[in-house]
Amino acid sequence: MAGRKPGTSSFQRRGGRALPLGTVPSRQNAQLLVSTGVQSLDALLGGGVAVGATVLLQEDTHKMYSRTVLKLFLSEGLACGHALGLASADRDPAGVMRTLYPEADRTDRKGSTTTTSAAPAGTAARPLAATVGQAGPAASATTSQPPKAGGSESLSIAWRYRNVNQVSTEIGTSGGLGRDFDVSKSVPPENIAAANVLTVDVRTVSREADGVDATLDSPSALLPPHAAVLAEVTAWLAPFAVQRPTAPSEQRTVARVVVESLGSPLWSADGEELVSTIRLLHRLRALARQAFAVLLVTVPGEIVAPDPLRRCVHLSDAAVGLEAFAGTPNEHSPLLKEYHGFVHVLKLPRLNTLTPYYPDTLDLAFKLRRKKFVIERIHLPPDLSETVSRTQGAAPKHAAAAAAGGAAAAATDW
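Quick caveat: nothing in here was measured; it's all calculated off a predicted structure.

Enquirer: Can you lay out the packing of aromatic side chains for me, pointing to particular residues and giving the numbers?
Expert: Think of a pair of aromatic rings as described by two things: how far the centres are apart, and how the planes are tilted against each other in angle. Within this structure, the stated rule accounts for four aromatic pairs. Summarising the aromatic geometry, the rings of Y65 and F366 are spaced 4.9 Å apart at their centres and angled 65 degrees between planes, so their arrangement reads as edge-to-face. Pair noted here: Y65 is in helix 2 (residues 64-80) and F366 is in strand 13 (residues 364-368), with a separation of 301 residues, a long-range link. Look at F325 and F342: their rings are 4.8 Å apart centre to centre, the planes differ by 85 degrees, and that puts the pair in the edge-to-face class. A residue pair is termed long-range when its members are at least 10 positions apart, and F325 in the loop between strand 11 (318-324) and strand 12 (341-347) and F342 in strand 12 qualify at 17 residues.

Enquirer: Can you explain the sheet that holds strand 8 (residues 197-201)? Please cite residues and give values.
Expert: Adjacent strands of a sheet form backbone hydrogen bonds with each other and so pair up, either parallel or antiparallel. Here nine strands make up an open sheet; going across it, the order is 8-5-9-10-4-11-12-13-14 and the pairing mixed. Every other strand in the sheet has two partners, leaving strand 8 and strand 14 (373-377) as the edge strands with one partner each. The sheet shows a mean angle of 20 degrees between the axes of neighbouring strands, direction not considered. As paired elements, strand 4 (residues 54-58) and strand 10 (residues 293-299) share five bridges and run parallel to each other. Its bridge partner being in strand 10, L56 is matched across the sheet by V297.

Enquirer: Account for the pairing of strand 14, with residues named and values stated.
Expert: Of all five residues that make up strand 14, four are buried, and the element is covered over most of its length. Pairing of strand 13 with strand 14 involves five bridges; the strand directions are antiparallel. Note that in strand 14 the partner of K367 across the bridge is V374. With antiparallel pairing between neighbouring strands as the criterion, strand 13 and strand 14 make up a hairpin whose turn holds four residues.

Enquirer: Give me the side chain of D317: which residues, what numbers.
Expert: Looking at where D317 falls in the secondary structure, it is placed in the loop between helix 9 (306-315) and strand 11. Only 3.3 Å separates the side chain of D317 from the side chain of R285, close enough to count as a polar contact. Looking at D317, its side chain comes within polar contact range of the side chain of R289, at 2.8 Å. Setting aside residues up to four positions removed in sequence, D317 forms contacts with G52, A53, T54, R285, R289, K347, L348, P349, R350 and L351.

Enquirer: Break down the pattern of salt bridges for me, citing the residues and quoting the values.
Expert: All chains considered together, the criterion is met by 15 salt bridges. Two residues, K63 and D90, come together in a salt bridge whose shortest N-O distance is 2.5 Å. One end of the pair, K63, is in the loop between strand 4 and helix 2; the other, D90, is in the loop between strand 5 (83-88) and helix 3 (93-98), and 27 residues separate them in sequence. There is no split in this pair, since K63 and D90 are both buried. R310 is the partner of D307 in a salt bridge, and the nearest nitrogen-oxygen pair spans 3.6 Å. Of this pair, D307 and R310 are both found in helix 9, three residues apart, which corresponds to roughly one turn of the helix.

Enquirer: Outline the sheet that holds strand 2 (residues 32-34), listing residues and values.
Expert: A sheet is described by the order of its strands in space; here three strands give the open sequence 1-2-3, paired in antiparallel fashion. Either end of the sheet is taken by a strand with one partner, and the two such strands are strand 1 (24-25) and strand 3 (49-50).

Conventions used here
- Residues numbered from 1 in each chain as written.
- Predicted model: local features only at pLDDT ≥ 70, side-chain atom pairs only at ≥ 80, totals over all residues.
- Heavy atoms only, no water.
- Phe/Tyr/Trp six-rings, centres within 6.5 Å; stacked < 30°, edge-to-face > 60°.
- Helix = DSSP H or I, 4+ residues; strand = E, 2+ residues; numbered from the N terminus.
- Pairing = 2+ DSSP bridges.
- Axes fitted to C-alpha atoms, helices over the stretch in contact; angles between N-to-C directions.
- Buried < 20%, exposed > 50% of the residue type's maximum accessible area, 1.4 Å probe, protein only.
- Polar contact = N/O pair within 3.5 Å; in protein donor to acceptor, adjacent residues only side chain to side chain.
- Contact = heavy atoms within 4.5 Å.
- Salt bridge = Lys/Arg side-chain N within 4 Å of Asp/Glu carboxyl O.

Keep in mind these values describe shape, not function.
Okay, here's the thing in structure tokens:
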């Protein structure tokens, strides 16, 4: 006490352990969150993915956009200094690692997409400052009546749209964990060489297991490809275990494990593959729970039957599906020309909380830009003159039917 300076307290705050790299505590339940690599997907899941959670991604038909999300997930981990693991039967996982995306140039980032919710096409959108903050009788008078002839000509849109606020259709535009990545480029090879990377080529394991008589009589039995993936991931995640003793000065990090196209026939041609698939997912989820790890599993929804798919969703903590427009009638729809597909929220995370996050809408679509994968609220254009003319042209038909004494006349007879 003699060495204490006058006017200072004798209580000193003990220095706490630093958070793992690339994580932030959640505002809702104080869990550690990591980014998926897609900022709008982070916002859809409540700010990010909790460490120890399992996320299921239902692939689109041609796997073009689901593979992009997969690589964004790994690219975010590479930028944060996380360990990266990938098991795949569709392609060479080492080749996927070499094509991860670099972070986009900060000086060339584009802002969020904003559109006027009711103004027709061809009208100029008003600045947000002109629609927010107007108060008092003067403001209400100018917005509730059309401009008089000979008045100010500074208004460039119709008067009835003057008080319509601008609507941001993109989810999570206020910033968050994630980064923007340039999907047209690849990271330097030295970045991958310096990272802690695990790759499991399931095709090699399947060839080695050809001719092996594998049975699933035991509840813990797995087919050879699934057993090999489980053994590799278990050994690789051992240093990331929560219960592993660490020095106070040691900096914890997070491992990201990706299993691509689980349930695909390329994993195994055995008829009992689905049983082994569910068992593998259950064990991988248990491993992620006991480690500083995040598990991302992609499932081909076009191949897996509905019942096994529901079981996979049940075993995951969050599940999202992608439905691309390519090859469907929606590809040429004028109402959906700004989007590349729908986003289906199959399950939202509800970890350690009684009040889970729920988005304001589930009518979502995605688009792939050069430097961003964006999930937006579906914002359809308003009815324009062509639709209005059709509606007005149909009115005389109802009037003629009423004049002829039909059912319409009985309905309108007071």
